[in-house]
Amino acid sequence: MTAEYVPRQAIERSRTLAWVTALGATTAEALSERDQLSVAAAKERLDEAVGLGLMGRHSLLVGYSDLYTVTRAGRKLARKHADAGGYSYPEGLRSARVTIRDARHTIACASVVATLERSYPDHRVIAERELHRDERNQRRRLASVSVLRHGHTRSHHPDIVLWPPLTAGESPPLPIAVEVELTMKSKEELTAICRAFAGASHIEAALYFAETAKLEKRLLDTVERLNGEERIVVVPLSAIVTSLPGFELSS
């Protein structure tokens, strides 16, 4: 049986739709980073998909990037062309929702994911949505941690997970938990989360990207107090995201 011919443009669009489905939402800046396009060209691609009914555009915060999510029609198209495009469609994910409350964080995470994917092409990079699905399916912790606070435990899922490639004949490598820190958590909450990361044997390390110098200092002080320098690394968000409207990205 002859395989159906699918135009290259349709494959590229479907691959992008699958990527955004896994991520939840993206921005023109993130797509620009991932596909090495100008921001204007990336925005044109996304807006074209909106015009075709494959994506939705959400302008939630003044001065910040628009967020784009995939519609039901877009998910259907991405699933349809997965074999022809040589990519995997992310099954088992709920429809993504974007809110004003989470908009800044969603915008920043999209760019961090895109940059990590480009910087580590042999690694698997997943966002929190896929981590929840994978842990639910496997019924075990993969990169989340159990946080103890006020005598109660709760699960904490990192924003992003970086999975190193498998090496033949060796045990599966441990993942790296990645956090994008934009807001000042209480000292108690931050200490509890960092303590959980520092003591987790099922992850290799935790990597924090802090937006501001104040956040970076709070994190570094917390890690030092816990003697967790070998397990937790803190760097400025500007170390990975060089330009993003609305964010404080120092040089």
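Our subject is the structure that appears above.
What counts and what doesn't
- Residues numbered from 1 in each chain as written.
- Predicted model: local features only at pLDDT ≥ 70, side-chain atom pairs only at ≥ 80, totals over all residues.
- Heavy atoms only, no water.
- Axes fitted to C-alpha atoms, helices over the stretch in contact; angles between N-to-C directions.
- Helix = DSSP H or I, 4+ residues; strand = E, 2+ residues; numbered from the N terminus.
- Parallel < 35°, antiparallel > 145°, perpendicular 65-115°, else oblique.
- Left-handed = near helix turned anticlockwise from the far one by under 90°.
- Contact = heavy atoms within 4.5 Å.
- Nonpolar A, V, L, I, M, F, W, Y, C, P; charged D, E, K, R; others polar.
- Expected span 1.5 Å × (residues − 1).
- Buried < 20%, exposed > 50% of the residue type's maximum accessible area, 1.4 Å probe, protein only.
- Pairing = 2+ DSSP bridges.

**A word on the packing of helix 1 (residues 8-23) against helix 2 (residues 28-35)**
When two helices pack together, their arrangement is given by the angle between the helix axes and by the axis-to-axis distance. As a packed pair, helix 1 and helix 2 sit with axes 13 Å apart at the nearest point and diverge in direction by 120 degrees. Classified by the angle between their axes, helix 1 and helix 2 sit oblique to one another. Handedness of the crossing formed by helix 1 with helix 2: right-handed. Across the interface between the two elements, R15, T16 and W19 of helix 1 pack against A30, L31, R34 and D35 of helix 2. By residue class, the composition of the contact of helix 1 with helix 2 is three nonpolar, one polar and three charged.

**Concerning helix 8 (residues 187-199)**
Look at helix 8: 18 Å from first C-alpha to last across 13 residues, which is about the 18 Å you get at 1.5 Å a residue. Taken together, the buried positions of helix 8 are occupied by L190, T191, A192, I193, C194, A196 and F197. Against the buried residues of helix 8 lie strand 4 (145-149), strand 5 (152-156), strand 7 (176-181), strand 8 (205-210), helix 9 (213-225) and strand 9 (232-236).

**Observations regarding the pairing of strand 5**
Examined bridge by bridge, strand 4 and strand 5 share five bridges and lie antiparallel to one another. In the sheet register, V145 faces strand 5, and the bridge partner there is H156. Connecting strand 4 to the next strand, strand 5, in antiparallel fashion are two residues, including H150 with a positive phi near 55 degrees.

**So, unusual backbone geometry**
A positive phi is found at Q36, a non-glycine position, where the angle reads about 55 degrees. If you trace the backbone, Q36 turns up in the loop between helix 2 and helix 3 (39-51). The phi dihedral of R139 is positive, around 55 degrees, even though this residue is not glycine. Residue classification places R139 among the exposed residues on the basis of a relative accessible area of 78%.

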